[in-house]
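Here are the chains, one letter per residue:
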Amino acid sequence: MARSEQLHNRAKKVMPGGVNSPVRFYEPYPFFAASARGSKLVTADHKTLVDYCMGYGALFLGHGYTAVIEAAKAQMDNGTLYCVPTELEVRLAELVSKMVPCAEVVRAVNTGSEATMNAIRLARAFTRKKDVIKFDGGYHGAHDYVLVKAGSGAASLPASEGVLEESSAHTVVVPYNDPAALERAIEKSDAACVIMEPVLANIGLVLPDKNYLSEVRKLTQQNDVVLIFDEVVTGFRLAPGGAGEFFGIRPDLATFAKAMGNGFPIGAIAGKKEIMQQLAPAGRVYQASTFAGNPLSVSAAIATLEVLQQSKDAIYPQAARTCDSIVEGIKEELEDIGTGIDCTINSIGSMFQLFFTADKVRDEASAKKADAAVFRRLFDELLKRNVFIPPSQFETCFVSYAHDEEDIDKTVEAYGEAFKKIKEQQRKQ
Ligand code: PLP
């Protein structure tokens, strides 16, 4: 029996479903990780995989990036938690503020969910309005305000049990890339905020139409609705200043996590001073956490952001080139295979996803038309060839600065062989 299977059998007895987060499970059992370095993840069964999950986007610099690990190790000798202010926290807030155009004031938190939950609370307090507008397929963490028609692991659930109707009654869901629908929703609701992933990355990868984000900005501004960019995926990844910088749009608030700490648990809420100053103790919006600003995560985040800022001219173009080469290579493999497999690939910067549908994917409805069962076969075939992508059609593949030419060749070859297998299986059916 494989070591991963043995571990899963043990895990199932003491952990719900044998995992600590639902997206990690797939049938019959997930592989277990033993270690990771650069673009590679080593399994408990001693297989070395090229990783495109990369901590669901967190590891933009790659696993175990030396400067980040060294910063954390150095801090560890000086203590891991003080729960009093540190100079490190000030340095981090200054860095974020310098890098992110909308970030006048910054509050550090631990996770993306914490960031979005409190950004929404802030928006409600600031506007004295109640409703939250989110987008179909947009994922903002697993808390009650936003677990409505959400993406990621929740994409296959109509709603989560245990979320009170009363708490989701104030959440209005509209289709992405449809400014008229957003305008109608704003008119009809008591909207405190619009919370959006500027690029949807939890329903596969879905890009904004040209001018869509500026339309959203205009509509929210005209109606005194706080615009929250949830940059948990795009922050520090699409550009040093995230999607806000990439698309030249300034939201009122932005939330960060993932790439901010390159694998360490840290996040942030950032934005306009007049809104952010409502956070306690400056204001009357209560948000608190024992581990917020802990020196270990903060040291890792400072090292990450310093590298990203200082080497931005090398890192961002290289990661984007690697991603482009993989996408071009996959497209060539699809052409070689000829008819029979309908695919659409969306990509931007260092992110891509392939959908098994011939139609353009520009919102949740078109993403859901993709054949998720064939995608699952793709996942299995790639894994057999030591390439690890997230195990769902409704996730995104992440390229890091550590992925190299050899990874590109191996990955493209694996996709090509997987397509052949899928075509063979389809012929037999
Ligand atoms: N927002 C977005 C866009 C995400 O992708 C995620 C997680 O995948 C979250 C929020 C929640 O972040 P966390 O899992 O750190 O709570």
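Placed above this text is the structure.
All figures in this text were calculated on a predicted structure; none of them were measured in a lab.

Colleague: I'd love a proper account of the sheet that holds strand β13 (residues 387-388), names of residues and values included.
Modeller: Taken together, 4 strands build an open sheet; the order of strands is β1-β2-β3-β13 and the sheet is mixed. Two strands bound the open sheet, and with one partner strand each, they are β1 (33-37) and β13. With 2 bridges connecting them, strand β3 (residues 48-51) and β13 associate as parallel partners. Bridged to Asp51 within β13 is Phe388.

Colleague: Got a sec to walk through the layout of surface pockets? Specific residues and values, please.
Modeller: In this structure, the second largest pocket occupies an estimated 460 Å³ of space. When residues of the lining of the second largest pocket are traced back to their parent elements, those giving at least two are α3 (87-99) and β4 (105-109). At 4 residues, α3 tops the list of elements feeding residues into the lining of the second largest pocket. Residue composition of the lining of the second largest pocket, by class: 16 nonpolar, 6 polar and 2 charged.

Colleague: Help me get a handle on the site of the ligand, residues and values and all.
Modeller: In the region of the ligand, the neighbouring residues are Thr111, Gly112, Ser113, Tyr139, His140, Gly141, Glu197, Asn202, Asp230, Val232, Val233 and Lys258. Taking Asp230, its side chain carries an N or O atom lying 2.6 Å from a nitrogen atom of the ligand. Between the ligand and Lys258, the relevant distance is 2.9 Å, taken from an oxygen atom to a side-chain nitrogen or oxygen of the residue. Notes on the ligand: free accessible area 390 Å², of which the protein chains cover 82%. Class assignment for the residues of the shell around the ligand results in 3 nonpolar, 6 polar and 3 charged.

Colleague: Before we move on, could you go through the side chain of Lys423 and cite the residues and values that matter?
Modeller: You can see Lys423 is positioned in helix α14 (residues 405-428). No salt bridge is formed by the buried Lys423; its nearest oppositely charged neighbour, Asp342, is found at 10.0 Å. A polar side-chain atom of Lys423 sits 2.7 Å from the main-chain carbonyl oxygen of Ile337. Dropping the residues within four chain positions of it, Lys423 is found in contact with Ile337, Gly338, Thr339 and Ile341.

Colleague: Lay out a negative patch on the surface with the relevant residues and their values.
Modeller: Together, Asp324, Glu328, Glu332, Glu335 and Asp336 make up a region of like negative charge exposed at the surface. Position of Asp336 relative to the elements: it lies in helix α11 (residues 312-337).

Analysis parameters
- Residues numbered from 1 in each chain as written.
- Predicted model: local features only at pLDDT ≥ 70, side-chain atom pairs only at ≥ 80, totals over all residues.
- Heavy atoms only, no water.
- Pairing = 2+ DSSP bridges.
- Helix = DSSP H or I, 4+ residues; strand = E, 2+ residues; numbered from the N terminus.
- 1 Å grid on protein atoms, 1.4 Å probe; cavity = no way out; pocket = protein on both sides within 12 Å on 5 of 7 lines; lining within 4 Å.
- Points joined across faces, edges and corners; volume = space filled by probe spheres on them.
- Nonpolar A, V, L, I, M, F, W, Y, C, P; charged D, E, K, R; others polar.
- Near = heavy atom within 4 Å.
- Polar contact = N/O pair within 3.5 Å; in protein donor to acceptor, adjacent residues only side chain to side chain.
- Areas by Shrake-Rupley, 256 points an atom, 1.4 Å probe, with all protein chains shown as cover.
- Buried < 20%, exposed > 50% of the residue type's maximum accessible area, 1.4 Å probe, protein only.
- Lys, Arg positive; Asp, Glu negative; His and termini not counted.
- Salt bridge = Lys/Arg side-chain N within 4 Å of Asp/Glu carboxyl O.
- Contact = heavy atoms within 4.5 Å.
- Patch = residues over 30% accessible without salt bridge, like charges linked within 9 Å, V, L, I, M, F, W, Y side chains within 5 Å.
- Charge placed at Lys NZ, Arg CZ, Asp CG, Glu CD.

Purely geometric numbers; function is a separate question.
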